[in-house]
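Residues per chain, in single letters:
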There are 4 protein chains.
Amino acid sequence: MIIVVKNSCDEKQYNNLVEWIKGLGLEIHESRGTHSTVLGLVGDTSKVDIDLISSLDVIEQVQRVQEPYKNANRKFHPEDTIIEVGGHKIGGDNFTVIAGPCSVESESQIIEVAKAVKQAGATLLRGGAFKPRTSPYAFQGLKDTGIELLLKAKKETGLPIVTELTSINHLDLFKDVDIIQVGARNMQNFELLKEVGKTGKPILLKRGLANTLQELLMSAEYIMAEGNCQVILCERGIRTFETMTRNTLDLSAVPVLKDKTHLPIIIDPSHSTGVAKLVSPMSLASVGAGADGLIIEVHNDPQHALCDGAQSLNPEQFATLMGKIQTILPIVGKLYN
Amino acid sequence: MIIVVKNSCDEKQYNNLVEWIKGLGLEIHESRGTHSTVLGLVGDTSKVDIDLISSLDVIEQVQRVQEPYKNANRKFHPEDTIIEVGGHKIGGDNFTVIAGPCSVESESQIIEVAKAVKQAGATLLRGGAFKPRTSPYAFQGLKDTGIELLLKAKKETGLPIVTELTSINHLDLFKDVDIIQVGARNMQNFELLKEVGKTGKPILLKRGLANTLQELLMSAEYIMAEGNCQVILCERGIRTFETMTRNTLDLSAVPVLKDKTHLPIIIDPSHSTGVAKLVSPMSLASVGAGADGLIIEVHNDPQHALCDGAQSLNPEQFATLMGKIQTILPIVGKLYN
Amino acid sequence: MIIVVKNSCDEKQYNNLVEWIKGLGLEIHESRGTHSTVLGLVGDTSKVDIDLISSLDVIEQVQRVQEPYKNANRKFHPEDTIIEVGGHKIGGDNFTVIAGPCSVESESQIIEVAKAVKQAGATLLRGGAFKPRTSPYAFQGLKDTGIELLLKAKKETGLPIVTELTSINHLDLFKDVDIIQVGARNMQNFELLKEVGKTGKPILLKRGLANTLQELLMSAEYIMAEGNCQVILCERGIRTFETMTRNTLDLSAVPVLKDKTHLPIIIDPSHSTGVAKLVSPMSLASVGAGADGLIIEVHNDPQHALCDGAQSLNPEQFATLMGKIQTILPIVGKLYN
Amino acid sequence: MIIVVKNSCDEKQYNNLVEWIKGLGLEIHESRGTHSTVLGLVGDTSKVDIDLISSLDVIEQVQRVQEPYKNANRKFHPEDTIIEVGGHKIGGDNFTVIAGPCSVESESQIIEVAKAVKQAGATLLRGGAFKPRTSPYAFQGLKDTGIELLLKAKKETGLPIVTELTSINHLDLFKDVDIIQVGARNMQNFELLKEVGKTGKPILLKRGLANTLQELLMSAEYIMAEGNCQVILCERGIRTFETMTRNTLDLSAVPVLKDKTHLPIIIDPSHSTGVAKLVSPMSLASVGAGADGLIIEVHNDPQHALCDGAQSLNPEQFATLMGKIQTILPIVGKLYN
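Calculation rules
- Residues numbered from 1 in each chain as written.
- Chains lettered and ligands numbered in written order.
- Predicted model: local features only at pLDDT ≥ 70, side-chain atom pairs only at ≥ 80, totals over all residues.
- Pairing = 2+ DSSP bridges.
- Helix = DSSP H or I, 4+ residues; strand = E, 2+ residues; numbered from the N terminus.
- Axes fitted to C-alpha atoms, helices over the stretch in contact; angles between N-to-C directions.
- Contact = placed C-beta atoms within 7 Å.
- Nonpolar A, V, L, I, M, F, W, Y, C, P; charged D, E, K, R; others polar.
- Buried ≥ 20, exposed ≤ 12 C-beta atoms within 10 Å, placed from the backbone.
- Parallel < 35°, antiparallel > 145°, perpendicular 65-115°, else oblique.
- Left-handed = near helix turned anticlockwise from the far one by under 90°.
- Least-squares fit on C-alpha atoms with pLDDT ≥ 70 in both.

Novice: Even after reading the chapter, I still don't get the sheet that holds strand S4 (residues 59-63) of chain C, so can you show me in this structure?
Specialist: What links the strands of a sheet is backbone hydrogen bonding, and the strands pair in either a parallel or an antiparallel sense. Residues and elements named next belong to chain C. Strand order in the open sheet formed by four strands is S2-S3-S1-S4, and the pairing between neighbours is antiparallel. Each edge of the sheet is formed by a strand with only one pairing partner; in this case those strands are strand S2 (27-32) and S4. Strand-to-strand, the axes of this sheet are offset by a mean angle of 15°, without reference to chain direction.

What follows is the structure, given as C-alpha cells:
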C-alpha cells in the first residue's frame, strides 16, 4: 500500500500516522518529495481501511498495491478451483449449465422441467423456493414445500439442485440442497455469508446490482474465511442508466475475474436481461467470453404461466441453445461437463 | 395500470392475457388502435409484477399509474407522519439531529461524545455496535458490549439511541434501543425488514447504494405491512461513476420523497461524502432541500482515532454547524426539536 | 403515446392540453377513470417532447408506444441495411473486422500495420488522425498528415479506411476517407451529425459513454434525416461504477439493437475495456452476441510505442484471434466478408 | 505520479519504461520491494497519459499525485477567480442569479420575462437561441433571430445575456453575447472549447451528463490553455439509475470543486431535476452547499407555453424564491450581487 502524505502535514500528525501504521504491524518505506511524502507500507495490509485513511486531511491519496483478498486471490492459488457436485465438475476447463424455472410452482411443473432440461443436457437443476421480491404483496415462493419438491425432482432425475437462501433461519431446510445460492440483494449480508461459510457446501454467490468486482471477491472472502472454499461467482447484470434491458450484463467481468481469482465464474443471462429473446445471444456471448457456465431459466409453458414466462426459455429453445453452446465450447478450450 | 398489447398478439394469447388479469381480480378497459391495443387495468394493481408482464413477447409496454406502495403513499395518508422518540418529534415541521461516533469504541469515548453532542444540541445519539464491513478482516464492532455502552451513555445524558441491526438473530439485544437502523446493504434484506416490522419500534431505513426511491418506499412498505408505521427514511448517497466523493448524495430525493410519502426523510452527509470537510456544506444543503433531519458522525478526537476520524466532525465543528442549521431552519419553515 | 392526466386537472388546464395536442396534428382517444384520465394519442408523435409533457403538474405519466425514430426503425424497414465499402459488405449476414492503430504515428508504422492486419484477414483499416483527448496537453494526432498517411496505406494495401472527424471544419480533408467515424464524445454534437449526414458517406457512429440505446438511434436519425442511410452503430462501453475496466461493454446492446433497427452494429472491444488481454475474449463474446463486426486496435510494436500499446493487440495476437472468430461465425449464421 | 511495476517485468521492459519516462523530461525515484517496484515521477506529469500506462502488462498500478490541470488548479492560484460581467461580479463572496426562459420564443416573451426576472433581482438573462435536441424532429430554436431578440431584451433591461453556442460556425453571431454557454453535450467537444477559449469572453461550462469533476476541470483547462481564464463551472445533474428526476443533481460537487479550483461554480436546478416544483428546494440547497450562483428557468406563462413550462418557474414563484435565497446568503457568508 502506498500513502501519499501532503507536506502540509505537521510533525505531530505525521508521527501519529506513522505510529498508527506501525501499530498495525506494518513496515514503512519513506520517500520525501517537494510537494508530498510517499510512504510504502510493507506487510499484510488487508486489515487497513483504505477509505478511512484516504479521507484524512493530511493525506493526498492512498493506493493499494496488494489486493485485500487472500483466499480468493489467484496470486496465492494459481490453479483453478474445481468444485465437484454430484459427479459434475465446475471450474477449470469444464463448462456447466444449470437450468430450471424461476420459481417452483408445483410437483408436476418442477419434475417436467427437470426432465426436459436434463434431456437437453443441463447438469444441475435450479428453482426458487424462497423468493426475494421488491414488493411485500408479491408471491414469495412455496418456501419449505418448494424445497421438498426440488428434492423430489432430484430423486426423479438425478440432477443436483441449486436454490436460494434468504435468511439464516432457514438453513436447516437446506441440508440436502447441493448448492446454496446467495442472491444479489444479499451479497453484502455479511451475517448470511458467514453462516453459509460454515456449511461447507458449494455456494453460488451472485454479484450485487451495484457491487464492484472487488466487493464480490471480498464477499467470497467472507465465505472462504470460514473455511469454505467452494464458492462459485455469478455475474447477473449491474444497474446502469440503460433501461432497454432490466440490468446491464457486465461480460467483461469474466476475463477480469479469471485474472484475479481461481474461483469459477458463471453467467445468468436470464435475470440480467429480463427478456427471453436475449437469453440465447447472451449465452453464446458468455461462452465466447470464457465463462465456466450458465444459469438459465427454463419453463415448461411460459405462455401459460404468465408470471414466470417473461425471461424463461421453453424446453425447445433451451435444447437448441444447448446445441450451439456445445459446438462453440471446443473453440474456446472448454469441455461440456 | 396500462398495458399496450402488440397487434401481433393472436386471439389465444390475447384471451390468455385477459383471463390472467381478471384472475387477479382486476377490471379491464380495452381500447383498440391501428398498431396496438391499450388495456387499462382498474382495481388493486399492487400485486401485479410489472417486470414480468413487460417482458412478454406480445406486450409493447406496461405502465403503472398507481404506485405499488399503499401504506407509505401520501395519496392515502396526506398528513405527515410524526414519530415520537423520548419526547422528541421526528417529521412534520420538526427538525432532528442525530449525532455520534461511527463505532462505539469504549465507555469513555461514547459518554464523552454523547455529552458533547447533547451540549451542541443533538437530540439523539448514534453509534455502531454491529458494523457491516466489506472485508472480513476489518473491525466488526464491539457487538453486545457496544449496545451496553450506548445504553450507559443514554442513562448518563438522557439521549435516546439509534444503532444498526445486521442480523435478525441479534434482535434480543435491541429491546432497549430507541430507533433500530437498517443499513444500506440490508435495505432489500426482506427477512430482516419483516422482523423489524414486528418490533413496533421506530426504524431508520437507509437507502441502498443502488436502489431507486421507489424501491426504498417498497422496503418501507415491507416494514409497514407488518403493522409498524414508524419508519424514517434516510438518503445516504448512491453509487455513480464519480470518484471524488465516496458516493453521490442525491439531495433531490428530499422533495421527491416529500411528494410521494408522508414518512420523515433525513440525510446522512457523513457516509455519503466520506470526507469531514464536506459534512457542513452538505448539512446546510440538506436543510435548504427541506429534509426533516440529519444523522452526523461526531468523534471526540478524530486526529487520534485514525480509523474513525475520516468522515467525522469534532465537537467544536459540530457545534458551529448546529448554530448555522438553527439560523436557516425558520427560513424553510422548520422548528428545531 | 399515452398520457395519464390527474383528476386534479381543472377544466381549463384540460382543454388547454387537448387543444395543444390537437395543434400538433394528433387525434385523441379519451378514457376517463376514477383517479385519472387516459389519453391515447394517434398520429405522428415523433415531434412530441415527452420530457416536457411528463413534468407538467397535471400529468401523472406519459408513455411512448411508438418509437421516436423512423428512418432507423426496423418496424418500417424490416430488411437489414447492408453497406458496401470498397467491395466489402457490412451488415446482414456479413461479419466485418476493422483493424489498425489507435493513432497514425508515421508512414512506416501505418503501412506496416495495414499490411499485417490485411494478411490476418481484416477488411478495413482504422487509424486516428484527429484525436480527441481529455487533456489539452496530450498528443492530439498528426491531423491532415495523418489522413495523408492513411491514404498511402490504403493505396499500398487496397484496404478502405475509417478515421474520426472531430470538427465540421475538417470535412474537406475527409473526401477520400471511406467511412467517417463520429466518436463517443460527439454522439450528441448535433451540428456535426447534420454535416456528416450531408456527405453521403458511410458513418460509423459510436455510442456516447452515458447515452441510452434510444439516444444512439436518435443520433443515427439525425444523420438519416439528411438523406444518408449508411449508418453503422458501434457499442464501445458505457460509464458505470465499475473501475476494473475502463468502461463497461454493454454487449446486450447487440440483440436489443438488432430488434429495434435494421442498421449494422459493431463492437469496439479495445476502447471499452482499455486492456489488451481483454480484447480477445470480448471479441469472441461479440461474435456470440450476434454483432456484425468488430473494430480492433492493432499495433506493430506495442511494447516499444508505450503510448499506444496498452489496449492494442500485436499482429500475431490479432491473427490468432481472427482464426477463432472465423471458426465461430458459421455457428451463429454469419459469413466472414 | 507513482507507478508500481510488477516484478515480472524483465530487464529490457524495465529499461524501456524508464527511458520512455525520462524522455518525457521527468525524474525518477525508484524504490524496490519484494513483490513490486515503486517509481516516483517528479516533474511536470500533466502530459503523461495515465490510462495508457496503467494498462501495460508490466504495470500493477499508476496513481497521479499532482492533478493534471494547472490553470484551473487552486494550488497554483489560491485566490478565487472573480469574473465581471456588466458591472456584476461572479465568484468569490458574490452570489449571482441568471434567469430566463429555456428558449427564446418571441420578442414579447423574452422582454416580458427579462423585465420580470430583473424586477425579482436576477442579474443576468438566459435564453436559448440554438437548442441542442435529442430528436432531429424537435424544435431547434429561433437561431440568429433568437440572439437578436436577446440583445433587444438586454437593451430594454440592461441585463447582460447568457446563451448557448452549439457550433463553432455560429461564433460570429455571438460577438455581443456577454457569456457564452457550452452545453453538457459539448463539454468534451474539444474543438469548440479551443474556439471559445480564443474569444476572451466569459464561458459558462456545463458538466456533461457522465463526466467526472476531474474531466470538467480538464475541459476548463482546454479553454484556459487558450488564454481565457474567465470560466464559470456549472453542475446540472449527472446520469444515474434513478428515474424519478431527469438527472441526479450532484450538489457535493460544489464543496469538492471549491477545494480543487478557484473558478466560480453555479448550479442549474431546472435542467437537473426537470420538474418545476423541485427547483425551489434545490436552489436553497445549492445556497447551503456554498454555490456561487444559480441559473434558473423562468417563463411568463408556463401553463400556456406547454413546451417550456415543465421545468420553469413563473415570475411570482421566482420572486418568492429570490426572497428566501437572499435571507440565507449572509448565513453562508455570501453577498447578493
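Novice: Before we go on, may I ask you to explain the interface of chain C and chain A in this structure?
Specialist: Taken residue by residue, the interface counts 34 residues in chain C and 33 residues in chain A. Elements supplying a minimum of two residues to the side of chain C that touches chain A: helix H7 (253-260), helix H9 (276-289) and helix H11 (315-328) of chain C. Each residue belonging to the side of chain C that touches chain A can be placed in one class, and the counts come to 20 nonpolar, ten polar and four charged.

Novice: Looking at this structure, I do not really get the interface of chain B and chain C. What am I missing?
Specialist: A common way to state how big an interface is: give the accessible area lost once the parts meet. Counting from both sides, the interface comprises 17 residues of chain B and, opposite them, 17 residues of chain C. Looking at the side of chain B that touches chain C, the elements with two or more residues in it are strand S1 (2-6), strand S2 (27-32), strand S3 (36-42) and strand S4 (59-63) of chain B. Counting residues per element, the side of chain B that touches chain C draws most heavily on S3(B), which supplies four residues. Partitioning the side of chain B that touches chain C into residue classes produces six nonpolar, nine polar and two charged.

Novice: Just checking my understanding: could you explain the pairing of strand S3 (residues 36-42) of chain C for this structure?
Specialist: Two faces belong to every sheet, and in a regular strand the side chains alternate between them. Residue and element names in this part refer to chain C. Burial within S3 is extensive, with five of its seven residues counted as buried. In this sheet, S3 lies alongside strand S1 (residues 2-6) in antiparallel orientation, the contact comprising five bridges. Each bridged residue has a counterpart across the sheet, and for Ile2 the counterpart in S3 is Gly40. Both S2 and S3 contribute to a ladder of six bridges, which runs antiparallel. Residue pairing in the sheet places Arg32 in a bridge with Thr37 of S3.

Novice: Could you clarify how one ought to interpret the packing of helix H9 (residues 276-289) of chain B against helix H9 (residues 276-289) of chain D in this entry?
Specialist: For any two helices packed against each other, the geometry comes down to the angle between their axes and how far apart the axes lie. Close contact between H9(B) and H9(D) brings their axes to 7 Å; oriented N to C, the two are set at 160°. When the interaxial angle is binned, H9(B) and H9(D) end up roughly antiparallel. Relative to H9(D), the crossing made by H9(B) is right-handed. Packed against H9(B), whose contacting residues are Pro281(B), Met282(B), Leu284(B), Ala285(B), Val287(B), Gly288(B) and Ala289(B), the element H9(D) presents Pro281(D), Met282(D), Leu284(D), Ala285(D), Val287(D), Gly288(D) and Ala289(D) at the interface. A class-by-class count of the residues in the contact of H9(B) with H9(D) yields twelve nonpolar, two polar and no charged.

Novice: Before we go on, may I ask you to explain the relation of the copies chain C and chain A in this structure?
Specialist: Think of it as a corkscrew move, a rotation about one axis and a shift along it, taking one chain copy to the other. Screw-axis analysis of chain C against chain A gives a translation of 0.0 Å along the axis, an RMSD of 0.0 Å, and a rotation angle of 180°. Put plainly, the chains are arranged around a two-fold axis. Considering only C-alpha atoms, the part of chain C nearest the rotation axis is Ala285(C), at 1.9 Å. Here 97% of the contact residues of chain C are again contact residues in chain A; the copies associate through an equivalent surface.

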